[in-house]
Amino acid sequence: MHDNYLTDVLETERLCFRKLTPSDEMHIFELDSNPEVHKYLGNHPITTIAQARDYIDNINGQYERNGIGRMAAILKDTGEFIGWAGLKLEHDENGHDEFYDVGYRFIERYWGNGYATEAAQFFVDYGFNVLKMEKINASALAGNIGSCKALEKAGLQYIESYDYDGEEAFWYEMVNPNL
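Residues numbered from 1 in each chain as written. Predicted model: local features only at pLDDT ≥ 70, side-chain atom pairs only at ≥ 80, totals over all residues. Heavy atoms only, no water.

**A short note on the overall build of the protein**
Then comes step 1: The secondary structure content of the protein amounts to four helices and eight strands.
Then comes step 2: Relative to its length of 179 residues, the protein is compact, with a C-alpha radius of gyration of 15 Å against a globular reference of 16 Å.
Then comes step 3: Each principal axis of the C-alpha atoms in the protein carries an extent, and together these give about 40 × 40 × 30 Å.
Then comes step 4: Within the span of the protein, comprising 179 residues, buried residues form 47% of the whole. (Helix = DSSP H or I, 4+ residues; strand = E, 2+ residues; numbered from the N terminus. Rg over C-alpha atoms; globule rule 2.2 N^0.38 Å. Buried < 20%, exposed > 50% of the residue type's maximum accessible area, 1.4 Å probe, protein only.)

Have a look at this one:
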């Protein structure tokens, strides 16, 4: 892995990404307490600041264990926290023991601006060109059309449908074109 991944501030045209920190707890609470945000995530929104803190602690543990994890997404123009995006080492999904997942989650008022596509494209490129990953995967519930489109615009290809806790999910994959 690229040693500076977690110390770098990474940038796209409109966004910058940095490590999540304990000072992000109110933003994470705003994001993850919204039932609309969790509509395609199993419908389990958080209800306390303590859960937001636990989420950030979990991400920080991933940074330490895996050298990689989701990052805070910030609007460059205003400095506003809009959600998170990035790569994550995932385990045990759709028959895959271990894989790198590209993902994103944004506060509802920022939906519809192309941020998911911008973030997914950036992290796919970063994963392949900087971190030299062999393959990147993602999944989305079939009903989450916006997320599916963002993943496809980022170059991931639909591979198959599978059952995710009783709902239809789509499995996506992209192999590093540089290898």
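After that view, the rundown keeps rolling.
**Some details on the environment of Arg109**
Then comes step 1: For Arg109, the position within the fold is in the loop between β5 (96-106) and α3 (115-129).
Then comes step 2: For the pair Arg109 and Ile82, spaced 27 residues apart in the sequence, the C-alpha separation amounts to 8.6 Å.

**Things to note about the packing of aromatic side chains**
The relative placement of two aromatic rings is captured by the distance of their centres and the angle of their planes.
Then comes step 1: Evaluation of the coordinates by the stated rule reveals ten aromatic pairs.
Then comes step 2: Ring geometry for Phe17 versus Phe123: centroids 4.8 Å apart, planes at 65°, classification edge-to-face. Separated by 106 residues along the polypeptide, Phe17 in strand β2 (residues 15-18) and Phe123 in helix α3 bring together distant segments of the chain.
Then comes step 3: What makes Phe17 buried here is its relative accessible area of 0%.
Then comes step 4: Using a relative accessible area of 0% as the deciding quantity, one classes Phe123 as buried.
Then comes step 5: A centroid spacing of 6.4 Å and a plane angle of 10° characterise the contact between Tyr104 and Phe106, whose relative ring orientation is stacked. An identical accessibility class is assigned to Tyr104 and Phe106; each is buried. (Phe/Tyr/Trp six-rings, centres within 6.5 Å; stacked < 30°, edge-to-face > 60°.)

**Some words on the pattern of salt bridges**
Then comes step 1: This model, assessed by the stated rule, comprises nine salt bridges.
Then comes step 2: Between Lys88 and Glu90 there is a salt bridge, with its nearest N and O atoms 3.3 Å apart. One exposure class covers both Lys88 and Glu90, and it is buried. (Salt bridge = Lys/Arg side-chain N within 4 Å of Asp/Glu carboxyl O.)

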